[in-house]
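Survey of secondary and tertiary structure
Residues per chain, in single letters:
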Amino acid sequence: MDKFYEEIIHKSLVNKTTTNLQTFIKNCKGCFIVDCVKFLKESNLNNNKKTNILLETTKNKHIYKRSIYKYVKYNPIPHMLDSDWRFTYKTQNYLFNKISKYCDHNNRFLFVGTPSLIYNKNAFLKKRDVTFIEKNITSIRFQNKVVSDIMTYSTKKKFDAIIWDPPWYKDAYLNFIFKFGKLSNINAFLFVIFPPFGVRESIERGRTDIINFAKKVGYELIEEDVETINYISSPFEINSILDNKITNFPIDWRYGNLLIFKYVRNETINFIFSNKNEEIRWREYTINNIRIKLLPSQTCSTKKIFEKIYDSDILPTVSMRNDKLKLVNFWTSGNRVFKCNNTKLVSEILNLRSKKSYRFCLKVYKDKKEIVDFIENIISLEYKEYGKYWDKASK
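Remember, predicted model here, so these are calculated numbers, not experimental data. Here, residues in each chain are numbered from 1, in the same order as that chain's written sequence. It should be noted that, the model being predicted, local features are given only for residues of pLDDT at least 70 and side-chain atom pairs only at 80 or more, the latter also being counted only at that level, while totals for whole chains, interfaces and linings use all residues. Heavy atoms throughout the structure, all of them, feed into the side-chain values; hydrogens and water do not.

Things to note about the overall build of the protein
Cut-off, in case you're wondering: Numbering of helices and strands runs from the N terminus; a helix is a DSSP stretch of H or I covering at least four residues, while a strand is a stretch of E covering at least two. Burial classes follow relative accessibility: with a 1.4 Å probe on protein chains only, a residue under 20% of its type's maximum area counts as buried, one over 50% as exposed, and anything between as partly exposed. Contacts between residues were defined by any pair of non-hydrogen atoms, one from each residue, lying within 4.5 Å. What sets the accessible areas is the Shrake-Rupley method with a 1.4 Å probe; for residues, cover comes only from the shown protein chains.
Looking only at helices and strands, one finds 13 helices and 13 strands in the protein. The buried share among the 395 residues of the protein stands at 53%. In the protein, once contacts between residues fewer than 6 apart in sequence are set aside, the share between residues at least 24 apart is 70%. For the protein, the accessible surface area stands at approximately 19600 Å², while carbon and sulfur atoms represent 49% of it.

Take a look at the structure:
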């Protein structure tokens, strides 16, 4: 484990406020639960009473399941990986109250990447001029304006308040803040979530760079609320945690900090958008509330169609920095990953299965039954794990 994470987790363990699993995880300042528990197991403090109690707590059976689906009304279809962070009800209400503190009823509002706020059906949203930007546009049922891509979004009107839950990467912050400057009225407010410093070693340095860049665009930081934003663990994260034999954990363990900026002046700066995101190359298919994405390839191997990359089917991490991710070209919303050696054929099957039944697919691809069954087994497994609950929550 990286020394950066070891130091944070060790400080949490010896912290006097760490009295149970929840406070231990919170004091780890955003470090992934799996890394926290791994440290407990490998630590030379293994015989420490507190350490043993914490480890035993992680083995309690499926306590998380009793709370996850009552916490928040999910969208019909889960996102993939870093796009699927949903606020708890407490956080949703906190955000609406915070926005109300600064904004008037007649203001124009832009919500970016915050689907749980839209689904909340809070009284705040009634009869207001709201635009919602969500790349997963097919899963949104919202009568107000919905736009799929902020970077290509163009409007003559400007906004008085922008509420944004970004991917926690510096390039994304810079790209979006520059764009928001073009969309903001003078004295508009920008409500944005920042990660705790334990997520990555570069977070603190990146935070300073982002705030300085916002100043260049015309924004001034006016308020910061620390540890006020809580998220619900998503299927991909839950499966990764469970696969590491951790069956009890705080379902709302992941948190962020709210920063509020005010747009005080129009600034003209030279800026080149960073476009490192390769998501546009992936094709996505939705089957029974399960999302599968496939990265097309021109090569077609005679090897087995699906190859395991890890010991388990499930990616053992939620980090996009994992070295083996470059081998992955078949990925599910339950965090199952494989190397697919015939993406053309699999793409055809997925496309048909997203529209027709399993039996229909089997008739069309009767000589490819093994592949059709492999895909169907994954769909059935993940539907049992979380899809059926997603289905109920979305109705």
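Quick notes on the pattern of salt bridges
Selection criterion: Only one rule defines a salt bridge in this text: a Lys or Arg side-chain nitrogen within 4 Å of an Asp or Glu carboxyl oxygen.
Applying the stated criterion across every chain, the model contains 18 salt bridges. The partner of Lys-98 in a salt bridge is Asp-225, and the shortest N-O contact between them spans 3.1 Å. Of this pair, Lys-98 sits in helix α6 (residues 89–102) while Asp-225 sits in strand β7 (residues 219–232); the two residues are 127 residues apart in sequence, bridging distant segments of the chain. The exposure class assigned to Lys-98 is buried, which follows from its relative accessible area of 11%. On the basis of relative accessibility, which here comes to 16%, the residue Asp-225 falls in the buried class. A salt bridge links Glu-284 to Arg-291; the shortest N-O distance between them is 2.4 Å. The exposure class assigned to Glu-284 is partly exposed, which follows from its relative accessible area of 39%. Shared partners join several salt bridges into a network, and the residues in it are Lys-98, Lys-101, Glu-223 and Asp-225.

Some points on the environment of Lys-182
Within the secondary structure, Lys-182 is located in helix α8 (residues 170–183). In the structure, Lys-182 is positioned 86 residues away from Thr-268 in sequence and 9.7 Å away in space, judged by C-alpha atoms.

Observations regarding helix α11 (residues 343–353)
A large share of α11 lies buried, amounting to 8 of its 11 residues. Listing the buried residues of α11 in full gives Thr-343, Leu-345, Val-346, Ser-347, Ile-349, Leu-350, Leu-352 and Arg-353.

So, the pairing of strand β5 (residues 159–164)
Note the cut-off: Any two strands between which DSSP finds at least two bridges are classified as paired.
With 6 of 6 residues buried, β5 is to be regarded as a mostly interior element. In this sheet, β5 lies alongside strand β2 (residues 108–112) in parallel orientation, the contact comprising 4 bridges. Paired with Phe-109 across the bridge in β5 is Ala-161. Relative to strand β6 (residues 184–194), β5 runs parallel, the two sharing 5 bridges. Across the sheet, the residue bridging to Ala-161 is Phe-189, located in β6.

Some remarks on the environment of Cys-28
Take Cys-28: it is sitting in the loop between α2 (21–27) and α3 (33–42). A C-alpha to C-alpha distance of 9.5 Å links Cys-28 and Phe-197, two positions 169 residues apart in sequence.

Observations concerning α6
For clarity, the threshold we go by: Given the number of residues in a helix, its expected span is that number minus one, multiplied by 1.5 Å.
The end-to-end C-alpha distance of α6 is 21 Å, a good match for the 20 Å that 14 residues give at a rise of 1.5 Å each. Every buried residue of α6 is accounted for by Thr-91, Gln-92, Tyr-94, Leu-95, Phe-96, Lys-98 and Ile-99.

Regarding the environment of Asn-248
The topology assignment puts Asn-248 in the loop between α10 (235–243) and β8 (255–263). Separated by 227 residues in sequence, Asn-248 and Leu-21 place their C-alpha atoms 9.2 Å apart.

Some points on unusual backbone geometry
Note: most residues except glycine have negative phi, and most peptide bonds are trans. Non-glycine residue Asn-187 carries a positive phi angle of around 75 degrees. We note that Lys-245 has phi near 65 degrees; this positive angle belongs to a residue other than glycine. Within the secondary structure layout, Lys-245 lies in the loop between α10 and β8. The class for Lys-245 is exposed, based on a relative accessible area of 66%.

Brief notes about the confidence of the model for the protein
Note the threshold: Values of pLDDT, the confidence the predictor places in each residue, fall between 0 and 100.
Summarising the model, the protein shows a mean pLDDT of 84, and 83% of its residues fall at 70 or more. Across residues 137–144, confidence stays below pLDDT 50; counting only partners more than four residues off in sequence or on other chains, it has 21 contacts.

Quick notes on the nonpolar core
Inclusion rule: Definition used in this section: a nonpolar core is a set of buried Ala, Val, Leu, Ile, Met, Phe, Trp, Tyr and Cys residues joined via side-chain atoms within 4.5 Å.
Membership of the largest hydrophobic core comes to 81 residues, with the highest contact counts inside it found for Phe-24, Phe-111 and Tyr-219. If near-sequence neighbours (up to four positions away) are discounted, Phe-111 is found in contact with Phe-96, Ile-99, Leu-117, Ile-118, Phe-124, Leu-125, Val-130, Thr-131, Phe-132, Ile-133 and Ile-163. The next biggest cluster of nonpolar side chains, apart from the first, holds 24 residues, and it includes Leu-294, Phe-306, Cys-361 and Tyr-365.

Some remarks on the state of the cysteines
Operational definition: Sulfur atoms of two cysteines make up a disulfide when they are within 2.5 Å.
Scanning the entire structure with this criterion turns up 0 disulfides. Here Cys-31 stays free of any disulfide, with the sulfur of Cys-36 as its closest cysteine sulfur at 5.2 Å. We note that Cys-36 lacks a disulfide partner, and the nearest cysteine sulfur, in Cys-28, lies 3.4 Å from it.

What to know about a negative patch on the surface
Keep this limit in mind: Only residues whose relative accessible area exceeds 30% and that take part in no salt bridge are eligible for patches, with like-charged residues grouped when within 9 Å of each other and nonpolar side chains (Val, Leu, Ile, Met, Phe, Trp, Tyr) grouped when within 5 Å. When charges are counted, neither His nor the chain ends are considered; positive counts come from Lys and Arg and negative counts from Asp and Glu. A charged residue contributes its charge at one atom only: NZ of Lys, CZ of Arg, CG of Asp or CD of Glu.
Together, Asp-2, Glu-6, Glu-7, Glu-42 and Glu-201 line one region of the surface with negative charge. In this structure, Glu-42 sits in helix α3. In this structure Glu-42 comes out as exposed when scored by relative accessible area, which is 55%.

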